[in-house]
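# Fold and geometry: a report
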Amino acid sequence: NAGVTQTPKFQVLKTGQSMTLQCAQDMNHNSMYWYRQDPGMGLRLIYYSASEGTTDKGEVPNGYNVSRLNKREFSLRLESAAPSQTSVYFCASDVRGTGEGYGYTFGSGTRLTVV
Amino acid sequence: DAKTTQPPSMDCAEGRAANLPCNHSTISGNEYVYWYRQIHSQGPQYIIHGLKNNETNEMASLIITEDRKSSTLILPHATLRDTAVYYCIVGSMEYGNKLVFGAGTILRVKS
């Protein structure tokens, strides 16, 4: 049981380049989330998907797009990377809403540097 | 807007109980209290959650006041590996409801 898998683990981009961060979960969870964490800060929600086929903006969605490809996969795309997007990105999935209530399972993160 | 208030940092001696407080005075009737922790740069890890009653699992105990306006996470015998940022979050079990993370409490366990 791998849980939540994020790829890549590290990435360096030049300003203006684009890339997609991948996230997959094998726990049959309905909801998935993308957070960013800047140095010394808490997590801020970028986008989330309550269920397959739906996506919604979080606190800091500007500069990002997402795709809920299927129930397992939720990707985050940076169309034109900026230095302000240098951060650690965490994907999470959520068993809540199914009656089990154990909260979120997080991936190990993608460390992105934009130069 | 943050729904919880936590002290920014706490110290605890190794082997002693660590008691981490959290205020959530605006908690709604259907909202649970969740605790997560983040060790160094890893992804946050779920610890425990509760609604009204006190809860205990293999990691920690959660004490919720009768009026539900505050709670305490207890690590009964803290070890150096418990040094982490601890997040107290309130949220419902409703489908699609998202959890908002605040700044948390940095717990430093010292030998």
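Because the structure is predicted, anything quoted here is derived from the model rather than measured.

Criteria and cut-off values
Residues numbered from 1 in each chain as written. Chains lettered and ligands numbered in written order. Predicted model: local features only at pLDDT ≥ 70, side-chain atom pairs only at ≥ 80, totals over all residues. Heavy atoms only, no water. Contact = heavy atoms within 4.5 Å. Buried area = accessible area lost by both parts, 1.4 Å probe. Salt bridge = Lys/Arg side-chain N within 4 Å of Asp/Glu carboxyl O. Polar contact = N/O pair within 3.5 Å; in protein donor to acceptor, adjacent residues only side chain to side chain. Helix = DSSP H or I, 4+ residues; strand = E, 2+ residues; numbered from the N terminus. Nonpolar A, V, L, I, M, F, W, Y, C, P; charged D, E, K, R; others polar. Disulfide = S-S within 2.5 Å. Buried < 20%, exposed > 50% of the residue type's maximum accessible area, 1.4 Å probe, protein only.

Let us look at the interface of chain A and chain B. Chain A puts 25 residues into the contact, and the matching count from chain B is 20 residues. Carbon and sulfur atoms supply 56% of the area that chain A and chain B bury against each other, a total of about 1700 Å² over both sides. The interface formed by chain A and chain B holds zero salt bridges in total. Counting across the chain A and chain B interface gives six residue pairs in polar contact (both at pLDDT 80 or more). Only β4 (31–37), β5 (43–49), β9 (87–94) and β10 (104–106) of chain A provide two or more residues apiece to the side of chain A that touches chain B. In terms of residue count, β4 of chain A provides more of the side of chain A that touches chain B than any other element does, four residues in total. Of the residues belonging to the side of chain A that touches chain B, the class tally is 11 nonpolar, 10 polar and four charged.

Two cysteines, two sulfur atoms, one covalent bond between them: this is a disulfide. For the structure shown, the criterion picks out two disulfides over all chains. For Cys-23 of chain A, the disulfide goes to Cys-91 of chain A, at an S-S distance of 1.9 Å. Handedness of the Cys-23 of chain A-Cys-91 of chain A disulfide follows from its S-S torsion of about -75°: it is left-handed. Of this pair, Cys-23 of chain A sits in strand β3 (residues 19–25) while Cys-91 of chain A sits in strand β9, placing them 68 residues apart in sequence. Its relative accessible area of 2% is what places Cys-23 of chain A among the buried residues. Covalent S-S linkage joins Cys-22 of chain B and Cys-88 of chain B, the inter-sulfur distance amounting to 2.1 Å. For the disulfide bridge between Cys-22 of chain B and Cys-88 of chain B, the dihedral angle about the S-S bond is near -80°, and by the sign convention the bridge is left-handed. With Cys-22 of chain B in strand β2 (residues 18–23) and Cys-88 of chain B in strand β8 (residues 84–92), this residue pair connects regions lying 66 residues apart in the sequence. Accessibility expressed as a relative area gives 1% for Cys-88 of chain B, which makes it buried. Just so you know, Cys-12 of chain B is unpaired, no disulfide at all, and the nearest cysteine sulfur is the one on Cys-22 of chain B, 18 Å from it.

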